[in-house]
Amino acid sequence: ETGVTQSPTHLIKTRGQQVTLRCSSQSGHNTVSWYQQALGQGPQFIFQYYREEENGRGNFPPRFSGLQFPNYSSELNVNALELDDSALYLCASSLSAGGREQYFGPGTRLTVT
Amino acid sequence: SQQGEEDPQALSIQEGENATMNCSYKTSINNLQWYRQNSGRGLVHLILIRSNEREKHSGRLRVTLDTSKKSSSLLITASRAADTASYFCATDDDYKLSFGAGTTVTVRA
């Protein structure tokens, strides 16, 4: 088990609603990345936060937004939920912003109905 | 779009046998990493191989990298039931990992 935690574990939302997912990074890590994993697929990079600033973004619309706090924990916010947003959302922390070894949390399973 | 593509998509082997899976990628890389995922949970880092390395070992894992062919392989020797999982290769650039769709390995007792 890594030291990365995510909450909640599971979540069911209705199309059009908004959701906030939370992640606590491993001790000493200042970088958090978020990934979306659809069923049967590999994780897709959403964005990365390094020292409270967005450091890079994947091909996701602006309704996916995030925050990183001074203690390096992070939130992923998704507005105007769509059915295709149903997925496992993974948070990963790392020692630096470079693409090094990342430590993943257990994920949040989001279902949009 | 995904950078890496694993092959095969699924693999079923007997306990004690070796499992080999391959990964191809499209653009030049800094490093290539392999991760394991059990039953839709979080990913666990297995091994990182740098672009100037050709082979790396970690316990029962052996990874090779051929940058001229833009491919990598992961060998798990003497497989165990606990090795049942999905395995992903990921290329990394300055800030993100790009994953393939994974190989699902089932180890039969």
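All of the points below concern the structure found in this document.

Conventions used here
Residue numbers run consecutively from 1 along every chain, following the written order of its sequence. Naming scheme: in the order in which they are written, chains are lettered from A and ligands are numbered from 1. Owing to the predicted nature of the model, reporting of local features is limited to residues with pLDDT of at least 70; listing and counting of side-chain atom pairs is limited to 80 or more, with chain, interface and lining totals taken over all residues. Where side-chain values are given, they derive from all heavy atoms of the structure, hydrogens and water being excluded. Per the convention used, a helix needs a DSSP run of H or I reaching at least four residues, while a strand needs a run of E reaching at least two, with both numbered from the N terminus. It is over C-alpha atoms that the radius of gyration is taken, and the globule rule equals 2.2 Å times the number of residues to the power 0.38. The rule is simple: take the accessible area with a 1.4 Å probe, protein chains only, and divide by the maximum for that residue type; under 20% is buried, over 50% is exposed, in between is partly exposed. For this analysis, residues touch if any pair of their heavy atoms sits within 4.5 Å. Residue exposure ignores everything except the shown protein chains as possible cover, and the areas themselves are Shrake-Rupley values with a 1.4 Å probe. Counted charges follow a simple rule, with Lys and Arg positive, Asp and Glu negative, and His plus the chain ends left uncounted. In this description, the location of a charge corresponds to atom NZ of lysine, CZ of arginine, CG of aspartate or CD of glutamate. Strand pairing is assigned whenever DSSP detects at least two bridges linking the two strands. Only C-alpha atoms enter the line fits that serve as axes; for helices the fit covers just the stretch in contact. Angles between N-to-C directions range over 0 to 180 degrees. Two rings from Phe, Tyr or Trp (for Trp, the six-membered ring) form a pair when their centres sit within 6.5 Å of each other. Planes less than 30 degrees apart are called stacked, planes more than 60 degrees apart edge-to-face, and all others tilted. Here's the idea: put two parts together, see how much 1.4 Å probe accessible area each one loses, and the total over both is what we call buried area. Pairs of N or O atoms are called polar contacts if they sit within 3.5 Å, as long as, within protein, a hydrogen donor faces a hydrogen acceptor (for residues adjacent in sequence, only side-chain-to-side-chain pairs). Two cysteine sulfur atoms make up a disulfide if the distance between them is within 2.5 Å. Two kinds of site are reported from a 1 Å grid over the protein atoms alone, namely cavities, where a 1.4 Å probe fits but cannot get out, and pockets, open sets with protein on both sides within 12 Å along at least five of seven lines, and residues are called lining when an atom falls within 4 Å of a point. Grid points are joined across faces, edges and corners, and a volume is the space filled by probe spheres set on the points. Nonpolar residues are Ala, Val, Leu, Ile, Met, Phe, Trp, Tyr, Cys and Pro. Charged residues are Asp, Glu, Lys and Arg, and all others, Gly as well, are polar.

Comments concerning the overall build of chain B
Consideration 1: For chain B, the helix and strand inventory stands at zero helices and eleven strands.
Consideration 2: For chain B, the succession of helices and strands along the chain, N to C, is β-β-β-β-β-β-β-β-β-β-β.
Consideration 3: Computed over C-alpha atoms, the radius of gyration of chain B comes to 13 Å, within 12% of the 13 Å expected from 2.2 N^0.38 for 109 residues, which places it in the range of a compact globule.
Consideration 4: When its C-alpha atoms are laid out on the principal axes, chain B stretches across 40 × 25 × 20 Å.
Consideration 5: Looking at chain B as a whole, 47% of its 109 residues are labelled buried.
Consideration 6: The contacts of chain B with a sequence gap of at least 6 include a subset with a gap of at least 24, amounting to 53%.
Consideration 7: Working note: accessible area of chain B is about 5,100 Å², and carbon and sulfur atoms make up 44% of it.
Consideration 8: The centroid of the 13 positive side-chain charges in chain B is displaced by 2 Å from the centroid of its 12 negative side-chain charges.

Comments concerning the sheet that holds strand β3 (residues 19-24) of chain A
Residue and element names in this part refer to chain A.
Consideration 1: Taken in spatial order, the four strands make up an open sheet running β1-β3-β8-β7, and their pairing is antiparallel. Where the open sheet ends on each side, the last strands, each with one partner, are β1 (5-7) and β7 (64-68). Each adjacent strand pair in this sheet contributes to an overall mean axis angle of 20°, direction not counted.
Consideration 2: Across five bridges, the pairing between β3 and strand β8 (residues 74-78) is antiparallel. When the sheet's bridge partners are listed, Leu21 is paired in β8 with Leu76.

A few points about the packing of aromatic side chains
The geometry of two aromatic rings is summed up by the distance between their centres and the angle between their planes.
Consideration 1: For the structure on display, the rule yields nine aromatic pairs over all chains.
Consideration 2: Look at A:Phe104 and B:Tyr35: their rings are 5.5 Å apart centre to centre, the planes differ by 80°, and that puts the pair in the edge-to-face class. One end of the pair, A:Phe104, is in strand β10 (residues 103-104); the other, B:Tyr35, is in strand β4 (residues 31-37), on a second chain. This pair shows no difference in class: A:Phe104 is buried, exactly as B:Tyr35 is.

Details of the interface of chain A and chain B
Consideration 1: The interface of chain A with chain B comprises 25 residues on the first partner and 22 residues on the second.
Consideration 2: Between chain A and chain B lies a buried interface of about 1,700 Å² when both sides are counted; carbon and sulfur atoms form 51% of it.
Consideration 3: The tally of links between chain A and chain B comes to three residue pairs in polar contact (both at pLDDT 80 or more).
Consideration 4: Counting only elements with at least two residues in the side of chain A that touches chain B, the list comes to β4 (31-37), β5 (44-50), β6 (53-57) and β9 (87-94) of chain A.

Some words on the state of the cysteines
Residues and elements named next belong to chain B.
Consideration 1: Tallied over the full model, the rule gives two disulfides over all chains.
Consideration 2: Between the sulfur atoms of Cys23 and its disulfide partner Cys89 the distance amounts to 2.0 Å. What sets the handedness of the Cys23 and Cys89 disulfide is the S-S torsion sign, and at about 70° it is right-handed. Of this pair, Cys23 sits in strand β3 (residues 19-25) while Cys89 sits in strand β9 (residues 85-92), and the two are 66 residues apart along the sequence. Across the pair, Cys89 and Cys23 agree in class, each one buried.

Focus: the layout of surface pockets
Consideration 1: Empty space within the largest pocket amounts to approximately 390 Å³.
Consideration 2: Looking at the lining of the largest pocket, its residues break down into six nonpolar, twelve polar and three charged.

Observations concerning unusual backbone geometry
Consideration 1: For the bond running from A:Ser7 to A:Pro8, omega is -10°, close enough to zero to count as cis.
Consideration 2: Looking at the element boundaries, A:Pro8 is found in the loop between β1 and β2 (10-13).
Consideration 3: In this structure, B:Pro8 follows B:Asp7 across a cis peptide bond, with omega equal to 0°.
Consideration 4: In this fold, B:Pro8 is placed in the loop between β1 (4-7) and β2 (10-14).
Consideration 5: Of note in the backbone geometry, A:Ala80 takes a positive phi value of approximately 45° without being a glycine.
Consideration 6: Note on placement: A:Ala80 falls in the loop between β8 and β9.
Consideration 7: Note on A:Ala80: relative accessible area 42%, which makes it partly exposed.

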